[in-house]
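The residues making up each chain are set out below.
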Amino acid sequence: MKNIKLMKNIRNSIWIIAGFLMVSSCTENDHFISEPEPPKPEIPDEPASPSDPDDLTEIPDEARFRIALYDHHSFNGEKYPDNPAFSSPAPFDFIGFRMVLPGGFSPFGFQPYLCYDSIVWSSPDLPDTFKVFENSNNYTSLTSQWGSYFFKEGSYTVCLKGYRKGEIVHSDSLTFKLKDRDFLCFKWSECPIDPKPGVSQGIYCYLDGKFKYKITYPIEIDGCKVFNIYISYQGENKDEMECSVMKTMLEDFLESHLGKPVEYENADLKGMFMKLPDDDKFGKLYENKTTRAIIVNEQPDEDSYRRERFYIHVESK
């Protein structure tokens, strides 16, 4: 009996110990599982995009562009030699402009400009405009760097104007001066010579697009630089520019660069020029200390379908 009672006491003790261990184990596991996770950081709401005009009260500082004149090249796009004569731009130089943000110039990326509907290049001195940025009707385009020619000497002011909802919300302007070298952009002692006579270069201005000039690359004859300047109308009927208008515009152009016309006798022309055409007629003559230029009336030719026109023949002295 005593043995049976002892065995019952031992068995009860084992169950008590086992139960205690189970409770302890569950308590430890429960403590581990129920430990709270660290709080997640709050993600702030994204700021309103500059592309949402309704959320903007003013143009962000990072979108306040400025206009810069960054370089000027020869009429054919080639860089000038390191010479003080070319340190400032001249008429018929190719002049480069940039739209620069406070963070510097970047040729790519629409995002800083999306607070504008458009950005337009213009000048109070010239009749036309050129759009460098547009953001409308699911269409976005950007021209952050561009170039243009200008035709005459003098001071020019060019502007960039940023528009939103039809109003100018930001603008910047730049003033620069063009001055002739020997004639237009040419310094005769540094003049590029065309190895293939007959090649020509278009001279255009984005802000004065009604007319366009074309010049032949200079050739050299016995040390004399020779080239021609043509003008064309860029309107709807660009092939129908009246000869009288062409003649007047070329005369005004030469007078603005070389001064009043000078008197001459036809018999003297061959001694004054190295390469005048034989079958054409000649108009007013202009000159300065380094350059001589004359209006040429090119006659029509039915065989070659050539129409009558006027152009400028230029030679260095």
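To start, this report covers the structure provided alongside it. (Residues numbered from 1 in each chain as written. Predicted model: local features only at pLDDT ≥ 70, side-chain atom pairs only at ≥ 80, totals over all residues. Heavy atoms only, no water.)

**Here's the deal with the packing of aromatic side chains**
Working step 1: Applying the stated criterion across every chain yields a total of 28 aromatic pairs.
Working step 2: With a centroid separation of 5.8 Å and an interplanar angle of 55 degrees, the aromatic rings of Phe 97 and Phe 176 are classed as tilted. Of the two residues, Phe 97 sits in strand β2 (residues 94-100) while Phe 176 sits in strand β8 (residues 167-178), which places them 79 residues apart along the sequence. Across the pair, exposure class does not vary: Phe 97 and Phe 176 are buried alike.
Working step 3: Measuring from centroid to centroid gives 6.4 Å for Trp 121 and Phe 130, while their planes differ by 80 degrees, and the two rings are edge-to-face. The same class applies to Trp 121 and to Phe 130, which are both buried. (Phe/Tyr/Trp six-rings, centres within 6.5 Å; stacked < 30°, edge-to-face > 60°. Helix = DSSP H or I, 4+ residues; strand = E, 2+ residues; numbered from the N terminus. Buried < 20%, exposed > 50% of the residue type's maximum accessible area, 1.4 Å probe, protein only.)

**Topic: the pairing of β2**
Working step 1: Among the seven residues that make up β2, five are buried, leaving the element largely enclosed by the rest of the structure.
Working step 2: Looking at chain direction, strand β1 (residues 66-73) and β2 are connected through seven bridges and run antiparallel. Bridge assignment links Leu 69 to a residue of β2, and that residue is Phe 97. (Pairing = 2+ DSSP bridges.)

**Observations concerning the sheet that holds strand β5 (residues 139-142)**
Working step 1: Strand order in the open sheet formed by five strands is β5-β4-β3-β7-β8, with antiparallel pairing between adjacent strands. Each having just a single partner strand, β5 and β8 make up the two edges of the open sheet. Neighbour to neighbour, the strand axes of the sheet diverge by 15 degrees on average, direction disregarded.
Working step 2: Note that strand β4 (residues 130-136) and β5 share four bridges and pair antiparallel. Paired with Glu 134 across the strands is Ser 141, a residue of β5. (Axes fitted to C-alpha atoms, helices over the stretch in contact; angles between N-to-C directions.)

**Examining the pattern of salt bridges**
Two side chains carrying opposite charge are able to pair once their charged atoms lie near each other.
Working step 1: Summed over all chains, the structure comprises ten salt bridges.
Working step 2: The partner of Glu 287 in a salt bridge is Lys 317, with the nearest N and O atoms 3.1 Å apart. With Glu 287 in strand β13 (residues 281-287) and Lys 317 in the segment after β15 (309-316), this pair connects stretches of sequence that are 30 residues apart.
Working step 3: On the basis of relative accessible area, Glu 287 is assigned to the partly exposed category, the value being 26%.
Working step 4: For Lys 317, a relative accessible area of 48% corresponds to the partly exposed category.
Working step 5: Linking Glu 298 and Arg 309 is a salt bridge whose minimum nitrogen-to-oxygen distance equals 2.5 Å. One end of the pair, Glu 298, is in strand β14 (residues 291-298); the other, Arg 309, is in strand β15, with eleven residues separating them in the sequence.
Working step 6: Within this structure, Lys 247, Glu 251 and Lys 284 form a network of salt bridges that share partners. (Salt bridge = Lys/Arg side-chain N within 4 Å of Asp/Glu carboxyl O.)

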